[in-house]
Amino acid sequence: MRTFLKVSKYFAAIFLAIFFAFPLVFMVVSSLKPDFNLLQDTGSYRAFLPVGPISFDNYQGVFDRIPFFMFVMNSLIVATITTVLGLIVNSMMGFVLARMSFRGKNPIFAIIISTLILPFEVMAIPLLYLMVNLPVISFDGGFHITKGLFNNYQVQIIPFIASAVSIFLFMQYFKTLPKELDEAARVDGASWFMIYRKIAMPLAGPAIGTVAILTFLPMWNSYIWPVMTVQDERYRPIMVGLQYFYVNFGTAWGQIMAYLTLLTIPVVILFLSMQRFFVNSIATTGVKG
Amino acid sequence: MPALALIVGFIVLPVTVGLGLAFTNAQLLSPTAPAFTGLSNFSTLLGVATTTLNAEKNPDGTFVKDENGEIVYENLRDRTREGSKYPNLVGKSEVKRFGEDKAEGTIKILLAGDPSFWRSLTNTIFFALVVVPIQGGFALLLALLVNSKLKGRNFFRTIYFIPTVTSMVVISMLWRFIYQNDGLLNKSISNVDSEYQPIDWLSNPKTAMYAIIFMSIWQAVGYHMIIWLGGLQTIPAELYEAVRMDGASAWHEFRYVTLPGLRHTFIFILITITIAALGLFIQVSILTNGGPLDATTTLVHQAFTKGYGRQQIGYGSAISFVFFALVLIISLIQRVLTRKLED
C-alpha cells in the first residue's frame, strides 16, 4: 500500500511536469523547424522532438522582419530605469513609514494601502486620458510646452515607478531591523537620510531583490499599456513586436515560435538563477492578506 | 515623499479623474472639451427595459406568418428609434425574445442599452466562479505534492511554476496554436480517435470561454501553489508529531492539522484569485478579442474596447467604475472574513 502510494505520487508528479512543460517544449522545438514540418509534426510525439530539418532559419527570419535588437534595448531601458527609480523611491517611502513619526503619517499610510487592491485595469483608461492631455515641457534649444505624453520612454516608465506593494515590502523589511541600530546613529548625529543610506539600505538586500523582481518582470512583459501609448516604432518594447507577426497569420508559425522563444528564454534564465527571490516575493506578498 | 507624489499622481489621480470622467462624454483625441452628462453613461450601461410586441395582422384579422409558419411581429425599430412613442426604449437593442403567446399574438422582448456590457458582466462572473474553486483547489493539491517527501520536489516545483513567470502574451500565442483548427489539440485527438471532427475551440461560442478558462488556470496555478506552500510551512511540525503520536490517519492529519492551519492562506488565495479573475483581459484580447459574438468579452475588455478602441473615454471609465465597484465589494468581503477568523 505504501509503495503503491509512493509510486502513484511520482506518477502524478511526472504527469504534471509534462502537463506544465509541454507548450514551452513545443515552442522551443518548433522554433527550429520549417513551417511545413512544424505543421506536419503537430499531433504526434515528433512535435516535441527536434527532428527533421533543424535550423536557425526562423530566428534569422525574425531578425530580418523586425528591428529585434532595438525592441530588446527599448524593453531593457524601460524595465531597468523603472526598476532602479522604483527601488529608490519606494524604499525611501518604506523607510519613512517604518521609522519616522510625523503628523499625517496615518492618512498617508491609508492612501498607500488602499491602492494595494486596485488592479491596473481600473486606472488604465483614465490614465491614458491624463497622459494624452498632460502638458509636457520639452527642450530643444528653446523650451516648448506641448500637450500629451506618448510615443516615448517616459510614458512607459513614470506611471509604474511608485508601487504600493514595493513600499509595503520595504516597510515590512525595515521594521524587522533592530531599532538600536539607528538610535545609536542618531546619537552620533546622523541624519535620517544618512541612516537610510548607510544603515538601512545596505541591510535590505533580500527586500531589494524581491522588489527588483516584482518590478522588472511585469515591465519586461508589459503589453497593453505600450500598445495604447506607443505608436512610434523607435520606442516600441519587445512584447508589442509580436504584432508584426499578426499580418501573415497562419503562415509564419515557425518565426512566431522563434520570437516567443526569444522573449521567454531570458525570463526563464532570470527565474532559475534568482528563484529564491521569486519565491520570496510571492511568500511575502502572501503575508499581507 | 517622491513616492507619495507618484502614487497620488499615477494611482489616486487617475482613479479620481476616472470617476469624474465616467460622468462626461469625454473622447480620447477630441478638440472639444468633455461635457458633463450626468448619469447618462450609467443609464446607457445599466439600462434595461421590456416591451410587448403585437403580431402583424392580415386584413381578415389573422396573424401574418413568414415562410416557416412563424408569426410576424411589429418592427422593434419603430420603438427604439429617435422620437418614438416609447422614450424608455430609444437607443436600446434587443437582447432576447421570450413569452410568446401564439393565441393572443404577443411576444415580450428584453432590451438593454448595451447588451455587450451585460454579456461581459455575466462572462466575467462566470469565469471567476469557475476559476476560483478549480484553481485554488488544484494549487493546494500541487502544494501538498511538492511539500511531501518526494525526491526531486524542487525540480517539480520549478516546472510547475515556470508558466507563471512567462508572459501572458507569449502563453496566449502558444495556446492559440494549440487550440486552432489544425493545432496541437485537435490533431492529437484525431490521432487517437479517427472519427473525431476537429473543433475550432476559439471560434465556437460554446467552447471559447472554456478554452480560455483552461489556459488561464494552467498559467496561474503555480503562483498559488507557492502561496499555499508558504502557508503549509508555517504550520508547526510539532503539531504533526503530536497527532502522529495519537495514531491519526493521513486524512485526520490533513483535516485537523493542515486545513485549520491554512485558514489565513485560504482567504488570501480566495481574494487574489477572485480579483485576478475579475480582471481577465489579456488572454481574451489575444485569443478571441471578445468573440465569437461576445461569448468571451469581459468587463475590462469592454472598458478597453469602448475607452480605447472607440475612444469613448467617458463611457469606458464608467465601465471601469463598475469593475472597480466589484473589486471593492470583494475586498470588503475579505475584511469581514478575516475578522471573523480572528475572533
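Residues numbered from 1 in each chain as written. Chains lettered and ligands numbered in written order. Predicted model: local features only at pLDDT ≥ 70, side-chain atom pairs only at ≥ 80, totals over all residues. Heavy atoms only, no water.

Peer 1: What is the right way to look at the overall build of chain A in this model?
Peer 2: Helices and strands together make up the secondary structure of chain A, namely 14 helices and 2 strands. Buried residues in chain A amount to 49% of all 289 residues. Across chain A, contacts joining residues at least 24 apart in sequence account for 69% of those joining residues at least 6 apart. Accessible surface, chain A as shown: approximately 13700 Å² in total, 69% of it carbon and sulfur. (Helix = DSSP H or I, 4+ residues; strand = E, 2+ residues; numbered from the N terminus. Buried < 20%, exposed > 50% of the residue type's maximum accessible area, 1.4 Å probe, protein only. Contact = heavy atoms within 4.5 Å. Areas by Shrake-Rupley, 256 points an atom, 1.4 Å probe, with all protein chains shown as cover.)

Peer 1: What's the story with the overall build of chain B in this structure? I'm lost.
Peer 2: Check the secondary structure of chain B and you find 14 helices and 3 strands. Over its C-alpha trace chain B gives a radius of gyration of 26 Å, far above what one expects of a compact globule, namely 20 Å for 343 residues. In terms of principal-axis extent, the alpha carbons of chain B reach across some 90 × 65 × 40 Å. Looking at chain B as a whole, 49% of its 343 residues are labelled buried. At a minimum sequence separation of 6, the contacts of chain B that also span at least 24 residues come to 61%. As displayed, chain B offers around 16800 Å² of accessible surface, 60% of which is attributable to carbon and sulfur atoms. For chain B, the separation between the mean place of its 27 positive charges and that of its 24 negative charges on side chains is 7 Å. (Rg over C-alpha atoms; globule rule 2.2 N^0.38 Å. Lys, Arg positive; Asp, Glu negative; His and termini not counted. Charge placed at Lys NZ, Arg CZ, Asp CG, Glu CD.)

Peer 1: Would you mind showing me how to read the interface of chain B and chain A here?
Peer 2: Interfaces are often sized by the amount of accessible area the parts lose when they come together. Facing 83 residues of chain B, the contacting portion of chain A comprises 80 residues. Roughly 7200 Å² is buried in total at the junction of chain B and chain A, and carbon and sulfur atoms are behind 83% of that figure. The interface formed by chain B and chain A contains 5 residue pairs in polar contact (both at pLDDT 80 or more). In terms of residue count, helix α1 (residues 2–21) of chain B provides more of the side of chain B that touches chain A than any other element does, 15 residues in total. (Buried area = accessible area lost by both parts, 1.4 Å probe. Polar contact = N/O pair within 3.5 Å; in protein donor to acceptor, adjacent residues only side chain to side chain.)

Peer 1: Help me understand the sheet that holds strand β2 (residues 93–101) of chain B, please; the structure alone is not making it clear to me.
Peer 2: Strand pairs in the sheet, formed through backbone hydrogen bonds, run parallel or antiparallel to each other. Residue and element names in this part refer to chain B. Strands sit in the order β1-β3-β2 across an open sheet of 3 strands; the sheet is antiparallel. Of all the strands in the sheet, just β1 (48–54) and β2 have a single pairing partner and so form its edges. Pairs of neighbouring strands in the sheet enclose a mean axial angle of 25 degrees, with direction left out of account. With 7 bridges joining them, β1 and strand β3 (residues 106–112) adopt antiparallel strand pairing. Residue pairing across strands places threonine 52 opposite lysine 108, the latter belonging to β3. Sitting on the sheet, helix α4 (residues 115–147) touches β1, β2 and β3, and the angle it makes with β2 is about 85 degrees. (Pairing = 2+ DSSP bridges. Axes fitted to C-alpha atoms, helices over the stretch in contact; angles between N-to-C directions.)

Peer 1: Sorry, what's going on with the packing of aromatic side chains here?
Peer 2: The geometry of an aromatic ring pair is captured by the separation of the ring centres together with the interplanar angle, meaning the angle of the planes. The full count for this structure, using the stated rule, is 27 aromatic pairs over all chains. With a centroid separation of 5.2 Å and an interplanar angle of 40 degrees, the aromatic rings of phenylalanine 271 of chain A and phenylalanine 161 of chain B are classed as tilted. Pair noted here: phenylalanine 271 of chain A is in helix α13 (residues 253–273) and phenylalanine 161 of chain B is in helix α5 (residues 153–165), and the two residues belong to different chains. A residue is classified by how much of its surface remains accessible, and phenylalanine 161 of chain B, at 3% relative accessible area, is buried. (Phe/Tyr/Trp six-rings, centres within 6.5 Å; stacked < 30°, edge-to-face > 60°.)

Peer 1: Whenever I open this one, the environment of isoleucine 88 of chain A confuses me. Can you help?
Peer 2: Within the secondary structure, isoleucine 88 of chain A is located in helix α4 (residues 68–99). In sequence terms isoleucine 88 of chain A and valine 51 of chain A are 37 residues apart; their C-alpha atoms lie 49 Å from each other.

Peer 1: When you look at the packing of helix α11 (residues 205–220) of chain A against α13 of chain A in this model, what are you seeing that I'm missing?
Peer 2: The relative placement of two packed helices comes down to the angle between their axes together with the axis-to-axis distance. Residue and element names in this part refer to chain A. Across the interface, α11 lies against α13 with an axial gap of 11 Å and an inter-helix angle of 170 degrees. Relative to α13, the element α11 lies roughly antiparallel. Contacts between α11 and α13 pair Phe216, Leu217 and Trp220 from the former with Leu263, Pro266, Val267 and Leu270 from the latter. Its residues assigned to classes, the contact of α11 with α13 shows 7 nonpolar, no polar and no charged. (Parallel < 35°, antiparallel > 145°, perpendicular 65-115°, else oblique. Nonpolar A, V, L, I, M, F, W, Y, C, P; charged D, E, K, R; others polar.)

Peer 1: How do you make sense of the side chain of asparagine 221 of chain A when you look at a structure like this?
Peer 2: Examined against the element boundaries, asparagine 221 of chain A turns out to sit in the loop between α11 and α12 (224–229). In this view, asparagine 221 of chain A contacts Met239 and Val267 of chain A together with Val165, Thr166 and Ser167 of chain B; residues no more than four positions away in its chain are not counted.

Peer 1: Help me out: how do you make sense of the environment of leucine 49 of chain A in this one?
Peer 2: Residue and element names in this part refer to chain A. Within the secondary structure, leucine 49 is located in the loop between α2 (35–41) and α3 (57–65). Through-space distance from the C-alpha of leucine 49 to that of serine 273 is 26 Å; in sequence the pair is 224 residues apart. Once residues lying within four places of it in the same chain are set aside, the contact partners of leucine 49 are Val29 and Lys33.

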